[in-house]
Amino acid sequence: ARRILPALFFVMAACLPVSYFWLAPSDLKDFGESLVATATFSSNILFWWERGYFGSALELKPLLHTWSLAVEEQFYIFFPLALLAVMRWLPKRLNLVLIAGVVLGLVFSQGASLIVSKWSFYWLPSRMWELLAGSVLAGLTRTRPDAWRGSLQDRVMPYLGLAMVIVPIVTLHLDPEWHPGVLTVPVIIGTCMLILNPLSAEQQ
C-alpha cells in the first residue's frame, strides 16, 4: 500500500481536471466508472467488459493501464490465504508447490488465450502464474541465497535478462491467442534474471 497507493491517488487526481475539460459527456461518464473501478481494484473487469485494451479511442481511457494494478492487488488478496494453507499442510514442499503453480498456471493461461483471448488478457487466473514466478524467486533465494550469485552470473545474467525483456517488446507481434501464454515466458524469465542479478552502477 505504501508503494502503490500514493502514486495511484496522484494519477487519479491528475486525470480528474483534464478529463472534465477534455472528454465529451458520454466519455466522462465512462471515466467516472473507471475511476470507481480503479479505486476498488476492479478496473481489469471493467475494461474486459468494454472493448478491450487494443480497441479504438484509447486516448479517451486515461486509467486503462490500471487493469494490471487491479490484477496485482487481487493476487495480493488471495495468494496469502493460499500460502498459509501450504505452510500449514506442506511446509517442506513450498517451493515445489509454487513451481507447480507456475507451470499449471501457464498451461491454463495458454489454453484460455486460445479459447477466450480477451478474458485471458484481463483476468487474474490467467495472469497469476506471472506473479507466482516472483514468489518462486523469493522462495528459492530464501532457501539458497548464495546459489544464484557469482562472477559469471553477475556479468552475464543482467544483460541476458534485459535482452529477454526488450527483444520481445520490439520484435514480437502479440497475438492474443498466444499472449498471455508461451510468448510471455521469455519476458518473465528475463525479469526474474534481472531481479536475481540486477545491473550494477558500473554496468549501467
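Residues numbered from 1 in each chain as written. Predicted model: local features only at pLDDT ≥ 70, side-chain atom pairs only at ≥ 80, totals over all residues. Heavy atoms only, no water.

For any two helices packed against each other, one specifies the inter-axial angle together with the distance between the axes. The contact between helix H1 (residues 5–22) and helix H2 (residues 25–39) brings their axes to 11 Å, and the two run at 170°. Taken together, the axes of H1 and H2 are roughly antiparallel relative to one another. Across the interface between the two elements, Leu 8, Met 12, Cys 15, Leu 16, Ser 19 and Tyr 20 from H1 touch Leu 28, Phe 31, Leu 35, Thr 38 and Ala 39 from H2. (Axes fitted to C-alpha atoms, helices over the stretch in contact; angles between N-to-C directions. Helix = DSSP H or I, 4+ residues; strand = E, 2+ residues; numbered from the N terminus. Parallel < 35°, antiparallel > 145°, perpendicular 65-115°, else oblique. Contact = heavy atoms within 4.5 Å.)

This paragraph deals with the packing of helix H5 (residues 94–115) against helix H7 (residues 124–143). It is at 8 Å that the axes of H5 and H7 come closest, and there the two elements cross at 155°. Between H5 and H7, the crossing angle belongs to the class labelled roughly antiparallel. Seen along the crossing, H5 lies across H7 with a hand that is left-handed. From H5, Leu 94, Asn 95, Leu 98, Ile 99, Gly 101, Val 102, Gly 105, Leu 106, Phe 108 and Ser 109 reach across to H7, where they touch Pro 125, Ser 126, Trp 129, Leu 132, Ala 133, Ser 135, Val 136, Gly 139, Leu 140, Arg 142 and Thr 143. Within the contact of H5 with H7, the residues separate by chemical class into 12 nonpolar, eight polar and one charged. (Left-handed = near helix turned anticlockwise from the far one by under 90°. Nonpolar A, V, L, I, M, F, W, Y, C, P; charged D, E, K, R; others polar.)

Next up on the list: the pattern of salt bridges. Evaluated as defined, the whole model comprises four salt bridges. The salt bridge partner of Glu 50 is Lys 61, with a shortest N-O separation of 3.7 Å. With Glu 50 in the loop between helix H3 (43–49) and helix H4 (67–89) and Lys 61 in the loop between H3 and H4, this residue pair connects regions lying 11 residues apart in the sequence. Neither Glu 50 nor Lys 61 differs from the other in exposure class; each is buried. Between Arg 127 and Glu 130 there is a salt bridge; the shortest N-O distance is 3.0 Å. With Arg 127 and Glu 130 both in helix H7 and three residues apart, the pair spans about one turn of that helix. For the pair shown, Arg 127 and Glu 130 are each scored as buried. (Salt bridge = Lys/Arg side-chain N within 4 Å of Asp/Glu carboxyl O. Buried < 20%, exposed > 50% of the residue type's maximum accessible area, 1.4 Å probe, protein only.)

Honestly, it's all geometry; don't read function into it.
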